[in-house]
Amino acid sequence: MCSSDLEISIVKETQDLLNREFSSYLIDSGTEFIKAKMNEFFQRSYGKYRIDFKTDGKGIEFFYSNNKTDLRPVRKLSGFEKQVFSVAFRVALNSLQDLGILLVDEIDSDSDSENSISMYNTLLNEKFNQLFIVTHSNETKEMLSNLADCTTYEMDEGSLIEGE
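So, here's what we can say about the structure.

How each quantity is defined
- Residues numbered from 1 in each chain as written.
- Predicted model: local features only at pLDDT ≥ 70, side-chain atom pairs only at ≥ 80, totals over all residues.
- Heavy atoms only, no water.
- Buried < 20%, exposed > 50% of the residue type's maximum accessible area, 1.4 Å probe, protein only.
- Helix = DSSP H or I, 4+ residues; strand = E, 2+ residues; numbered from the N terminus.
- Arc of directions from axis to C-beta.
- Contact = heavy atoms within 4.5 Å.
- Phe/Tyr/Trp six-rings, centres within 6.5 Å; stacked < 30°, edge-to-face > 60°.
- Lys NZ or Arg CZ within 6 Å of the ring centre and 35° of its normal.
- Axes fitted to C-alpha atoms, helices over the stretch in contact; angles between N-to-C directions.
- Left-handed = near helix turned anticlockwise from the far one by under 90°.
- Nonpolar A, V, L, I, M, F, W, Y, C, P; charged D, E, K, R; others polar.
- Polar contact = N/O pair within 3.5 Å; in protein donor to acceptor, adjacent residues only side chain to side chain.
- Parallel < 35°, antiparallel > 145°, perpendicular 65-115°, else oblique.
- Core = buried A, V, L, I, M, F, W, Y, C linked by side-chain atoms within 4.5 Å.

Looking at helix α4 (residues 138–145)
The complete set of buried residues in α4 reads T140, M143 and L144. Buried positions in α4, seen along its axis, are confined to an arc of 95° and lie on one side of it. Summarising the geometry of α4, the exposed residues directed more than 90 degrees from the buried face are N138 and E142. Among the structural elements, α3 (113–124) and β5 (130–134) are those in contact with the buried residues of α4.

See the structure below:
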């Protein structure tokens, strides 16, 4: 085998390897990143469960648990827990590409004031350039209005009024 044939053979083998295994590696490392980021957010916001998932080649199924053995489907989470899960997923996806912007709409609708403020404090500690928040929780609005770089608006019968 001459030098150029050997080089062509190496290129073909490398191409085959990358086509088969590199994409799998990217998917595995990407999903592990998302899981770690979701757990970080979920633990800081709520602290009760950890997130895990199983892959089957066709997709990913998410679970939660108190420990490593008792995995439950996320559809069994309570209303607020589902909201924290959803926000954790959005934050993880956003940080995967470092988009720097997030829009959330009433993510605290099923929470009490303490859980709402905890989740928003966790969200505010993420590195977003812009964060747009829609909430009806008076305690959360008050907390947000006291932040230095925050502008609040109240919607009143279709008009936009800058914060109070």
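Some words on unusual backbone geometry
Unusually for a residue other than glycine, D98 sits at a positive phi of about 50°. Here E106, not a glycine, exhibits a phi torsion of approximately 50°, which is positive. Residue placement: E106 occurs in the loop between β4 (101–105) and α3. E106 gets classed as partly exposed once you look at its relative accessible area, which sits at 31%.

With respect to the packing of aromatic side chains
Scanning the model with the defined rule gives 7 aromatic pairs in all. A ring pair is formed by Y49 and Y64, whose centres lie 4.7 Å apart and whose planes are at 65°; its orientation type is edge-to-face. Here Y49, found in the loop between α1 (3–45) and β1 (50–55), pairs with Y64, found in strand β2 (residues 60–65); they are 15 residues apart in sequence, far enough to count as distant. Like Y49, the residue Y64 is buried in the burial classification. These aromatic residues form a ring-pair network of at least three members: F42, Y46, Y49, Y64 and F80. Looking at K35, its charged tip hangs above the ring of F53, at a distance of 5.2 Å from the centre.

Some details on the packing of α3 against α4
Here α3 crosses α4 at 35°, and the two axes come no closer than 9 Å. The element α3 and its partner α4 pack so that their crossing is right-handed. Residues S113, S116, I117, Y120, N121 and L124 of α3 form the contact with α4, whose participating residues are E139, T140, M143 and L144. Residues that form the contact of α3 with α4 fall into these classes: 5 nonpolar, 4 polar and 1 charged.

Structural notes on the side chain of E126
As for its placement among the helices and strands, E126 is situated in the loop between α3 and β5. Of note is the side chain of E126, whose polar atom sits 2.6 Å from the side chain of R44.

A few points about the packing of helix α2 (residues 79–97) against α3
Running from amino to carboxyl end, α2 crosses α3 at an angle of 5°, the nearest separation of the two axes being 12 Å. One finds that α2 runs roughly parallel with respect to α3. Between α2 and α3, the contacting residues are F80, V84, V87 and V91 on the first element and N115, M119 and L123 on the second. Residues of the contact of α2 with α3, tallied by class, amount to 6 nonpolar, 1 polar and no charged.

A word on the nonpolar core
Among the nonpolar cores identified, the biggest contains 27 residues, and M38, F41, F85 and L123 are the most heavily contacted of them. Looking at this core, the elements with two or more residues in it are α1, β1, β2, α2, β4, α3 and α4. The element that contributes the greatest number of residues to this core is α2, accounting for 7 residues. Discounting chain neighbours no more than four positions away, the residues touching F41 are V84, V87, A88, V91, M119, T122, L123 and E126.

Things to note about the environment of I34
The residue I34 is located in helix α1 in this model. Setting aside its immediate chain neighbours within four residues, I34 contacts F89, A92, L93 and L96.

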